[in-house]
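# Examining the three-dimensional arrangement
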Amino acid sequence: MFHFPSGLLITLFLIATQYASNVNADEIPFNQTYYQIWGGNHLTISNEGKEVQLFIDQYSGAGFSSKQNFGSGDFRIKLKLPKKNSKGVITTFYLMSKEVDEPARPKHDEVDFEFFGGDGKYTLNTNIFANDEGHREQQFNLWFDPAADFHTYGILWNQYQIVFFVDDIPIRVFKNNTNHGVNYPTNKMHIEATIWNATAWVGEVDWSQGPFTAYFREFSINGCQYQQSNPQYCYRNSYYWNRINYWKLSPKQQQLYEVVREKQMTYDYCLRNAKDFPEC
């Protein structure tokens, strides 16, 4: 049992309940904003394009990508994780600068939600790559069962900060500290979501528990389409996420942020490798 201050515990619960049950009026079909990038029949579309299932077995996982690249935005999706013991399986939602068909390269921009499954327990791993190899992991235990219902996971990205949200609760902030010699994601990025076998990283999969299915909903995207001829276009304050009230957390957000990090964060790269990262 997690011991939050009572008022904040109630707030966290109410926010999580609201986002788990709320139906977005702006639901649009998957094919309008996304397309499948791999996995063949391991991706299925249902409910008139308003829900997608990615499943993994011994033969393949699956993934999809946004059709556009972005230079800023407020990117959110609803996700329900695989049930049962999914140790060794990772479900993801992230921003990526490397093109889908581009060979792997160490220096790129990337902003990650990665969910590790295991015997009914789940770890949320977050990471940021800023024209480098990353290694900025921060990990959390969630305050709800992410396989029991849909929850909203979001990434706010503007020229001032990147914020990770879980059910509208900020859990991680990465500030633009380029004036202090810290790289910051500024390249065009697209959205990807995948389910894949990560045996070599997080442990062997028990396929007797599979196949494992992740469910995605709400495919509308609030993002500025990147313009190669004018990269600064996506910094305009005509986009709500670039306005001054999105340059830092509000007092209420800051309070929730501090509680979640105190009670739910289980790993912080800054506590392990502070000398290698000036932002720490």
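Values in this document were obtained by computation on a predicted structure and should not be read as measured data. (Residues numbered from 1 in each chain as written. Predicted model: local features only at pLDDT ≥ 70, side-chain atom pairs only at ≥ 80, totals over all residues. Heavy atoms only, no water.)

### Some thoughts on the environment of Thr178
Within the secondary structure, Thr178 sits in the loop between strand E12 (169–175) and strand E13 (190–197). For Thr178 and Pro103, which are 75 residues apart along the polypeptide, the C-alpha to C-alpha distance reads 27 Å. At 3.0 Å, the side chain of Thr178 and the side chain of Asn176 are in polar contact. (Helix = DSSP H or I, 4+ residues; strand = E, 2+ residues; numbered from the N terminus. Polar contact = N/O pair within 3.5 Å; in protein donor to acceptor, adjacent residues only side chain to side chain.)

### A word on the UniProt feature "active site" (unreviewed entry) in the protein chain
Here, UniProt's "active site" (unreviewed entry) annotation points to Glu110 and Glu114. Positionally, Glu110 belongs in strand E7 (residues 108–118). Its relative accessible area of 9% is what places Glu110 among the buried residues. Beyond its immediate stretch of four places on either side in the chain, Glu110 contacts Tyr94, Leu95, Met96, Asn127, Ile128, Phe129 and Met189. (UniProt positions renumbered as here; feature names shortened; annotations may be inferred. Buried < 20%, exposed > 50% of the residue type's maximum accessible area, 1.4 Å probe, protein only. Contact = heavy atoms within 4.5 Å.)

### Points about unusual backbone geometry
Between Gly210 and Pro211 the backbone carries a cis peptide bond, its omega angle lying at -5°. A positive phi angle, near 65°, is found at His135, a position not held by glycine. The backbone of Glu218 sits at a positive phi, close to 65°, despite the residue not being glycine. One can find Glu218 in the loop between strand E14 (212–217) and strand E15 (222–225). The class for Glu218 is buried, based on a relative accessible area of 12%.

### Points about the state of the cysteines
In this structure the tally under the stated criterion is two disulfides. Through a disulfide, Cys224 is tied to Cys234; the S-S separation comes to 2.1 Å. As the torsion about the S-S bond is roughly -80°, the Cys224-Cys234 disulfide counts as left-handed. Separated by 10 residues along the polypeptide, Cys224 in strand E15 and Cys234 in the loop between E15 and helix H4 (251–264) bring together distant segments of the chain. For the pair formed by Cys224 and Cys234, the shared burial category is buried. Note that Cys270 is cross-linked by a disulfide to Cys280, the S-S spacing being 1.9 Å. (Disulfide = S-S within 2.5 Å.)

### So, empty space enclosed by the protein
According to the stated counting rule, one finds one cavity of 30 Å³ or more in the structure shown. Lining the largest cavity, in full, are Leu81, Pro82, Ser86, Val89, Thr91, Phe115, Phe116, Gly117 and Tyr122. Looking at the lining of the largest cavity, the elements that each hand over two or more residues are strand E6 (89–96) and E7. Broken down by element, the lining of the largest cavity gets its largest block of residues, three residues, from E7. Among the residues making up the lining of the largest cavity, the classes are represented as six nonpolar, three polar and no charged. (1 Å grid on protein atoms, 1.4 Å probe; cavity = no way out; pocket = protein on both sides within 12 Å on 5 of 7 lines; lining within 4 Å. Points joined across faces, edges and corners; volume = space filled by probe spheres on them. Nonpolar A, V, L, I, M, F, W, Y, C, P; charged D, E, K, R; others polar.)

### Quick word on the packing of aromatic side chains
If you walk through the whole model with that rule in mind, you get 23 aromatic pairs. Ring geometry for Phe116 versus Trp201: centroids 5.1 Å apart, planes at 75°, classification edge-to-face. A residue pair is termed long-range when its members are at least 10 positions apart, and Phe116 in strand E7 and Trp201 in helix H3 (residues 199–202) qualify at 85 residues. Centre to centre, the rings of Tyr239 and Trp241 are 5.1 Å apart; their planes meet at 20°, and the pair counts as stacked. By relative accessible area, Tyr239 is classed as buried at 18%. (Phe/Tyr/Trp six-rings, centres within 6.5 Å; stacked < 30°, edge-to-face > 60°.)

### Quick look at a nonpolar patch on the surface
A surface patch of nonpolar side chains, amounting to about 290 Å² of accessible area, comprises Tyr160, Ile244 and Trp247. Secondary-structure assignment places Tyr160 in the loop between strand E10 (151–157) and strand E11 (161–166). Its relative accessible area of 30% is what places Tyr160 among the partly exposed residues. (Patch = residues over 30% accessible without salt bridge, like charges linked within 9 Å, V, L, I, M, F, W, Y side chains within 5 Å. Areas by Shrake-Rupley, 256 points an atom, 1.4 Å probe, with all protein chains shown as cover. Salt bridge = Lys/Arg side-chain N within 4 Å of Asp/Glu carboxyl O.)

### Points about the pattern of salt bridges
Inspection of the entire model under this criterion finds nine salt bridges. For Arg76, the salt bridge identified is with Asp168, shortest N-O distance 3.3 Å. In this pair, Arg76 is assigned in strand E5 (residues 70–80) and Asp168 in the loop between E11 and E12, connecting sequence segments 92 residues apart. By relative accessible area, Arg76 is classed as partly exposed at 24%.

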